[in-house]
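Observations on the three-dimensional arrangement
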Amino acid sequence: MSHDVAAALDRVRERIGLACQRSGREPGSVQLVAVSKGHSEELIRAAYDQGMRLFGENYAQELAEKAAALSDLPDIRWRFIGHLQRNKIKLVERAHATVDTVDSSRLAEAISARAATRGATVEVLVQVNIGEERQKSGCKPDEVPALIDAARALPNVSLRGLMTVAPHFEDPEATRPIFAALRELAEAHGLSELSM
């Protein structure tokens, strides 16, 4: 199994390297998040053994369980990449996860309030539904400025950047305008981190 993980990671890292070369970026400027949703602790450990340190989970309960089970891995880091309900914030907070999916000021306020109870700060990204798809979470592009201002005003939230999930297109090149729009939105607000 670890061989399969190693080969898969090699392929992804090679693709990242080629994409960086084409765009004139340094490969070190890209962080690869291994989406571990539905995968076993054993598989995550195999990826960790191959140098992965950043893992993304969609479900708060699964994140909390995996973070606890893998707490012996000293530098493992977690990203919460699913829709977060306010009543599940405590589960995400226990994992010390960055929340990539803040889509409302109410959610940002609830995250900040929960973090305040332990004197912590939670890193967050604002999720933007650039494609304005009904079935996807995220705020609308025109709601971004107000949500950024709200998040920046909170004492226990550190706004890192923006996140989007592009619509599915048969031609992957069709996603470029979506990603470009998110980058432009981030630059307009002085945010450097993008999760796409």
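Residues numbered from 1 in each chain as written. Predicted model: local features only at pLDDT ≥ 70, side-chain atom pairs only at ≥ 80, totals over all residues. Heavy atoms only, no water.

**Here's the deal with unusual backbone geometry**
Glycine aside, negative phi is the norm for most residues, and most peptide bonds take the trans geometry. Notably, His96 is not glycine yet its phi reads approximately 55°, a positive angle. In this structure, His96 sits in the loop between helix 4 (89-94) and strand 4 (98-102). (Helix = DSSP H or I, 4+ residues; strand = E, 2+ residues; numbered from the N terminus.)

**Some words on the pattern of salt bridges**
Enumeration according to the criterion identifies 13 salt bridges in this entry. Salt-bridge contacts for Glu62 lead to Lys66; the nearest nitrogen and oxygen are separated by 2.6 Å. Highlighted residues: Glu62 and Lys66, both in helix 3 (residues 60-69), separated by 4 residues, approximately one helical turn. Among the residues examined, Glu62 registers a relative accessible area of 18% and is labelled buried. With a shortest N-O distance of 2.5 Å, Glu93 and Arg118 are connected by a salt bridge. Here the residue Glu93 occupies a position in helix 4, and Arg118 occupies one in the loop between helix 5 (105-116) and strand 5 (122-127), the gap between them amounting to 25 residues. Each member of the salt-bridge network shares a partner with another, and the members are Arg79, Asp100, Glu123, Arg160 and Glu193. (Salt bridge = Lys/Arg side-chain N within 4 Å of Asp/Glu carboxyl O. Buried < 20%, exposed > 50% of the residue type's maximum accessible area, 1.4 Å probe, protein only.)

**Brief notes about the sheet that holds strand 5**
Taken in spatial order, the 7 strands of this open sheet run 1-2-3-4-5-6-7, and their pairing is parallel. Strands at the two margins of the open sheet, each flanked by one partner only, are strand 1 (34-35) and strand 7 (193-195). By the bridge criterion, 3 bridges tie strand 6 (residues 157-163) to strand 7 in an arrangement that is parallel. Note that in strand 7 the partner of Met163 across the bridge is Ser195. Of the strands in this sheet, strand 4, strand 5 and strand 6 are in contact with helix 5, which crosses strand 4 at around 155°. Lying over the sheet, helix 6 (residues 144-152) contacts strand 4, strand 5 and strand 6, oriented at roughly 155° with respect to strand 6. (Pairing = 2+ DSSP bridges. Contact = heavy atoms within 4.5 Å. Axes fitted to C-alpha atoms, helices over the stretch in contact; angles between N-to-C directions.)

**A word on the environment of Ala108**
Relative to the helices and strands, Ala108 resides in helix 5. Taking the C-alpha atoms as reference points, Ala108 and Ser192, separated by 84 residues in sequence, lie 19 Å from one another. The contact partners of Ala108, leaving out residues within four places of it in the chain, are Val102, Leu154 and Val157.

**A short note on the side chain of Asp100**
Its location among the elements puts Asp100 in strand 4. A distance of 3.0 Å separates a polar atom in the side chain of Asp100 from a polar atom in the side chain of Ser195. Sequence-distant contacts of Asp100, defined by excluding residues within four places in its chain, comprise Arg79, Phe80, Ile81, Leu125, Val126, Gln127, Met163 and Ser195. (Polar contact = N/O pair within 3.5 Å; in protein donor to acceptor, adjacent residues only side chain to side chain.)

**Thoughts on helix 2 (residues 41-49)**
Considered for burial, the residues of helix 2 that qualify are Ile44, Ala46, Ala47 and Tyr48. Just downstream of helix 2, Gly51 is the residue with a positive phi angle, here 100°.

**Concerning the nonpolar core**
Within the largest apolar cluster, 51 residues are counted, with the highest numbers of intra-cluster contacts made by Phe55, Trp78, Ile111, Val128 and Leu162. Residues in contact with Leu162, not counting those within four places in the same chain, are Leu125, Val126, Val128, Val144, Ile148, Leu182, Leu185, Ala186, Leu191, Glu193, Leu194 and Ser195. (Core = buried A, V, L, I, M, F, W, Y, C linked by side-chain atoms within 4.5 Å.)

**Concerning the packing of aromatic side chains**
Two measures describe an aromatic ring pair: the distance that separates the ring centres and the angle between the ring planes. Under the defined criterion, the tally for this structure stands at 1 aromatic pair. The ring centre of Tyr48 lies 3.7 Å from the NZ or CZ of Arg53, which sits over that ring. (Phe/Tyr/Trp six-rings, centres within 6.5 Å; stacked < 30°, edge-to-face > 60°. Lys NZ or Arg CZ within 6 Å of the ring centre and 35° of its normal.)

**Some remarks on the pairing of strand 6**
In terms of burial, strand 6 is largely enclosed, as 5 of its 7 residues are buried. Bridging between strand 5 and strand 6 involves 6 bridges; their strand directions are parallel. What sits directly across from Gln127, in strand 6, is Met163. Where the polypeptide runs from strand 5 across helix 6 and back to strand 6, its parallel neighbour, the crossover connection is right-handed. Running through helix 7 (residues 176-188), the crossover from strand 6 to the neighbouring parallel element strand 7 is right-handed. (Right-handed = clockwise from strand over helix to strand, strands pointing away.)

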